[in-house]
There are 2 protein chains.
Amino acid sequence: MISKNMACIKSFLIENDIKPSIQRARIYQFLVDNPIHPTADEIYNQLNPELITLSKTTVYNTMHLFVEKGIVQPIHVEGNEVRYDADFSQHGHFKCDCCGKVFDINIDLNTSSITQLKGFKIKSIQMLMSGTCEKCSCQ
Amino acid sequence: MISKNMACIKSFLIENDIKPSIQRARIYQFLVDNPIHPTADEIYNQLNPELITLSKTTVYNTMHLFVEKGIVQPIHVEGNEVRYDADFSQHGHFKCDCCGKVFDINIDLNTSSITQLKGFKIKSIQMLMSGTCEKCSCQ
DNA sequence: AATAGACTTTGTACTCATTATATTATAACA
DNA sequence: TGTTATAATATAATGAGTACAAAGTCTATT
Ligand SMILES: [Mn+2]
Ligand SMILES: [Mn+2]
Ligand SMILES: [Zn+2]
Ligand SMILES: [Zn+2]
């Protein structure tokens, strides 16, 4: 899933009912190539030098569209910002309070046995841990 | 744990190294009596009629203090707001996209077997699901 | 009781992520 | 080519949260 070329991303967007544009394709490629759970602001700052007329509104519009079409997940690790993840494999996240990085954690979330959820329709499951990562812990 | 009286809350705050005040005690009591994961704004609006001079800054100050002293957990279900929970029993949350309610879900989060977390120091674990609740699903 | 010092509460102004709106650009198509 | 739909952009507005300083409250000491 790492570093699809643009032609490949174009057909992926079309498959998912999204009309491709340079902006949309590059933003999606950036998310796949950089699984660092960036904010809209970080995406904008990274791509702005290359897409010289890029607008922050376009980034927000695009992220809303991607979430609606189900090719990107919003991640809420802090109350004042939304982060995005193009990885839909079953995994959780660990936010280091020290260096601020968000790590992917492979985890098996099985909710089928929870009786409280009878009748509930689950659309997404997220697990978030916080603390200090290995590097920050041994200092 | 439901509806402690004020005297009881006073000693609870003191136990947790928090100097008690009417505002702090009533805010904590409200959180225990109303486990609906309110935002700072909701806490303010609910208590304002009673604590007639209450300031929103006081609510924010108090929530920060409670989180720092470990008697309240911040919950991030949406990117633009923080919700608060005085319940420290092991449980996750389910946010209904339809009615907006946040439900408590009893769940057993065992992370001891995850090899990726070797060397990581876990401070908090949260699990969040979203979708539609039982009531909203059968309509 | 008055004084002083420490802590708490409050109002105002500000920041900054996100959203709303209107305009311009681009693509699709007859 | 002209017409229409969709996308991108710039600008202004919103709203949760924060910074700061002034005013209020509590408690100990005289
Ligand atoms: Mn991830
Ligand atoms: Mn809860
Ligand atoms: Zn770290
Ligand atoms: Zn519902």
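Note that this is a predicted model, so its numbers are computed, not measured.

Rules behind the numbers
Residues numbered from 1 in each chain as written. Chains lettered and ligands numbered in written order. Predicted model: local features only at pLDDT ≥ 70, side-chain atom pairs only at ≥ 80, totals over all residues. Heavy atoms only, no water. Near = heavy atom within 4 Å. Polar contact = N/O pair within 3.5 Å; in protein donor to acceptor, adjacent residues only side chain to side chain. Helix = DSSP H or I, 4+ residues; strand = E, 2+ residues; numbered from the N terminus. Least-squares fit on C-alpha atoms with pLDDT ≥ 70 in both. Contact = heavy atoms within 4.5 Å. Donors = N, O, S within 2.8 Å, 3.2 Å for Na, K, Ca; no water. Buried < 20%, exposed > 50% of the residue type's maximum accessible area, 1.4 Å probe, protein only. Salt bridge = Lys/Arg side-chain N within 4 Å of Asp/Glu carboxyl O.

**As for the protein's contact with DNA strand C**
In the vicinity of DNA strand C lie 16 residues, with A:Y60, A:H64, A:V82, B:S21 and B:T53 positioned nearest. When the atoms of DNA strand C within 4 Å of the protein are sorted by group, sugar and phosphate make up 78%. At 2.8 Å from a phosphate oxygen of DNA strand C is found a main-chain nitrogen or oxygen belonging to A:V82. When contributions to the surface near DNA strand C are tallied by element, the ones reaching two or more residues are α4 (56–69) and β2 (81–85) of chain A together with α2 (22–33) and α4 (56–69) of chain B.

**Things to note about the relation of the copies chain B and chain A**
Both copies of the chain are placed relative to one another by a rotation about an axis and a shift along it. For the pair chain B and chain A, the relating rotation is 179 degrees, the translation along its axis is 0.0 Å, and the fit reaches an RMSD of 0.1 Å. Expressed as an axis order, the relation between the two copies is that of a two-fold axis. The share of interface residues of chain B whose copies in chain A are also at the interface is 100%, consistent with both copies meeting through the same surface.

**Looking at the coordination of the manganese ion (ligand 2)**
All names here are of chain B. Listed as protein donors to the manganese ion (ligand 2) are H37 (NE2), D85 (OD), H91 (NE2), H93 (NE2) and D104 (OD); their distances from the metal cover 2.0 to 2.3 Å. Each donor residue of the manganese ion (ligand 2) belongs to the same chain, and together they define the spacing H-x47-D-x5-H-x1-H-x10-D. Here H37, found in the loop between α2 and α3 (40–47), pairs with D85, found in strand β2 (residues 81–85); they are 48 residues apart in sequence, far enough to count as distant. For D85, a relative accessible area of 3% puts it in the buried group.

**Remarks on the interface of chain B and chain A**
Contact residues are listed per partner, giving 37 residues for chain B and 37 residues for chain A. On the surface where chain B and chain A come into contact, there are 2 salt bridges. Among the ionic pairs, A:K123 bridges to B:D97, the shortest N-O distance being 3.5 Å. For the pair chain B and chain A, the interface holds 19 residue pairs in polar contact (both at pLDDT 80 or more). Listed by contribution, the elements that provide at least two residues to the side of chain B that touches chain A are β1 (73–78), β2, β4 (102–106), β5 (121–132) and α5 (134–137) of chain B.

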